[in-house]
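Chains, contacts and geometry: an overview
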Amino acid sequence: MPKKPTADIPYLKPCAITDALRKQVAEELPEVAQIGDTSLRQKVVEAWAFALAHSSFKSIRQIPPAGNPDTNEAKRGDQTDHLRGVTRLAVAIAAEMGTAYPELAIDMDVIVAGGLVHDVGKAWEFDPVNRKRWKANQKETGRPSIRHPAFGAHICLTVGLPEEVAHIAMAHSGEGELLVRSLECMIVHQADYTFWNTLLAGGQLKPDTVPPQTRKYITDRPF
Ligand SMILES: [Fe+2]
């Protein structure tokens, strides 16, 4: 059993998931309207509403525009800019490749849904309350205890999203190197890395958040 009291964990004392919260999520992620399947569209909104209600964040906009906590953070914007940008990039890749190679039979609903929820676990991993806990109890909890891809897959499955979408949350990042990505997951993964690498090469990431292995791209670095 955990040695520390867990009552302060936002996930364990969630706020109500209200229609007002669902409406706010749909407004923050307008690309959700591109999902043709009504049930899938509703569950994408539900995933983010569930994630926010089980965190300290009241809005996706309160989550910093970073790939990982304090790492690769854009100089401006917020997490909705990342989610929406990755979704639109993934749609563009899928449209181009799907036109050139129709036999790929890309599922565009899965692309849009996967793009919008691929980082839904950031409401957990970026939560200041969790980060403070993990820093103070690293020996017991690990830091983080669970990265956003795994937690995102948990959220997706909890709200009833299909396995194909939960897989995108699970495998869009480094975790995907441990398994074989689906076609739609590979497209979202490439869109995700394109988003951050474009900002990196263009000098639009905060220099002090860029990891050592890619600091050669930073021209205004303070070191
Ligand atoms: Fe991402």
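Residues numbered from 1 in each chain as written. Predicted model: local features only at pLDDT ≥ 70, side-chain atom pairs only at ≥ 80, totals over all residues. Heavy atoms only, no water.

A short note on helix α2 (residues 38–53)
As a reminder of what qualifies: Here a strand is any run of E in DSSP of at least two residues, a helix any run of H or I of at least four, and the numbering for each starts at the N terminus. The span one expects for a helix is its residue count, reduced by one, times 1.5 Å. In this scheme, a residue with accessible area under 20% of its type's maximum is buried, one over 50% is exposed, and one in between is partly exposed, where area comes from a 1.4 Å probe on protein chains only. Two residues qualify as a contact provided that any one of their heavy atoms is within 4.5 Å of a heavy atom in the partner residue. Any N or O atom pair separated by 3.5 Å or less is treated as a polar contact, with the protein-specific requirement of one donor-capable and one acceptor-capable atom, and with residues adjacent in sequence counted only for side-chain atom pairs.
The end-to-end C-alpha separation of α2 is 22 Å, in line with the 22 Å expected for 16 residues at 1.5 Å each. Among all positions in α2, only Leu40, Val44, Val45, Ala47, Trp48, Ala49, Phe50, Ala51, Leu52 and Ala53 are buried. Contacts made by the buried residues of α2 are with α1 (19–28), α3 (79–100), α4 (108–117), α5 (122–125), α8 (148–158) and α9 (163–171). Where α2 begins, the capping side chain belongs to Asp37, and its oxygen is found 3.1 Å from the backbone nitrogen of Ser39.

A word on the coordination of the iron ion
This is how the line gets drawn: Nitrogen, oxygen and sulfur within 2.8 Å of a metal are treated as its donors, or within 3.2 Å for sodium, potassium and calcium (Na, K, Ca); water is not counted, so a site can appear incomplete. The geometry test gives tetrahedral to four donors whose angles all lie between 85 and 135 degrees, gives square planar to four donors and octahedral to six donors whose opposite members are over 155 degrees apart with all other angles between 65 and 115, and gives irregular to the rest.
Only His82 (NE2), His118 (NE2), Asp119 (OD) and Asp192 (OD) from the protein coordinate the iron ion, and they sit 2.1 to 2.3 Å from it. Viewed at the metal, the four donor atoms of the iron ion are separated by angles of 82 to 171°, and the geometry they form is irregular. Sequence positions of the donors to the iron ion reduce to the motif H-x35-H-D-x72-D. Note that His82 is positioned in helix α3 and Asp119 in the loop between α4 and α5, a separation of 37 residues in sequence. Taking the relative accessible area as the measure of exposure, His82 reaches 1% and is therefore buried. Here Asp119 falls in the buried class, since its relative accessible area comes to 1%.

Overview of the packing of aromatic side chains
Which entries qualify depends on this criterion: A pair of aromatic rings is counted whenever rings of Phe, Tyr or Trp (Trp by its six-membered ring) have centres within 6.5 Å, and the orientation is called stacked for planes under 30 degrees apart, edge-to-face for over 60 and tilted otherwise.
The tally for this structure, following the rule as stated, stands at six aromatic pairs. Here the aromatic rings of Trp124 and Phe151 are separated by 4.2 Å at their centres, their planes lie at 5°, and the arrangement is stacked. A residue pair is termed long-range when its members are at least 10 positions apart, and Trp124 in helix α5 and Phe151 in helix α8 qualify at 27 residues. Residue Trp124 is classed as buried on the basis of its relative accessible area, which comes to 10%. Taking relative accessible area as the criterion, Phe151 reaches 7% and is therefore assigned buried. Three or more aromatic residues joined by ring pairs form one cluster here, namely Tyr11, Phe50, Trp124, Trp134 and Phe151.

Focus: the environment of Met108
Turning to its location among the elements, Met108 is positioned in helix α4. Exposure remark for Met108: the relative accessible area of 32% places this residue in the partly exposed category. Excluding residues that lie within four positions of it along the chain, Met108 makes contacts with Val91, Ala94 and Ala95.

Here we look at the layout of surface pockets
Rolled over the atoms, a probe as big as a water molecule pinpoints where empty space is left. Our working rule: A 1.4 Å probe that fits into a set of points on a 1 Å grid over the protein atoms alone but cannot get out defines a cavity; an open set with protein on both sides within 12 Å along at least five of seven lines defines a pocket, and lining residues are those with an atom within 4 Å of a point. Grid points are joined across faces, edges and corners, and a volume is the space filled by probe spheres set on the points. Residue type decides the class: Asp, Glu, Lys and Arg count as charged, Ala, Val, Leu, Ile, Met, Phe, Trp, Tyr, Cys and Pro as nonpolar, and the leftover types, Gly among them, as polar.
Within this model, the largest pocket holds a volume of roughly 370 Å³. Surrounding the largest pocket, 17 residues form its lining, Gly67, Asn68, Asn72, Tyr193 and Trp196 being those nearest its centre. Every element with two or more residues in the lining of the largest pocket is listed here: β1 (66–68), β2 (71–73) and α10 (183–201). With five residues, the single largest contributor to the lining of the largest pocket is α10. By residue class, the composition of the lining of the largest pocket is four nonpolar, ten polar and three charged.

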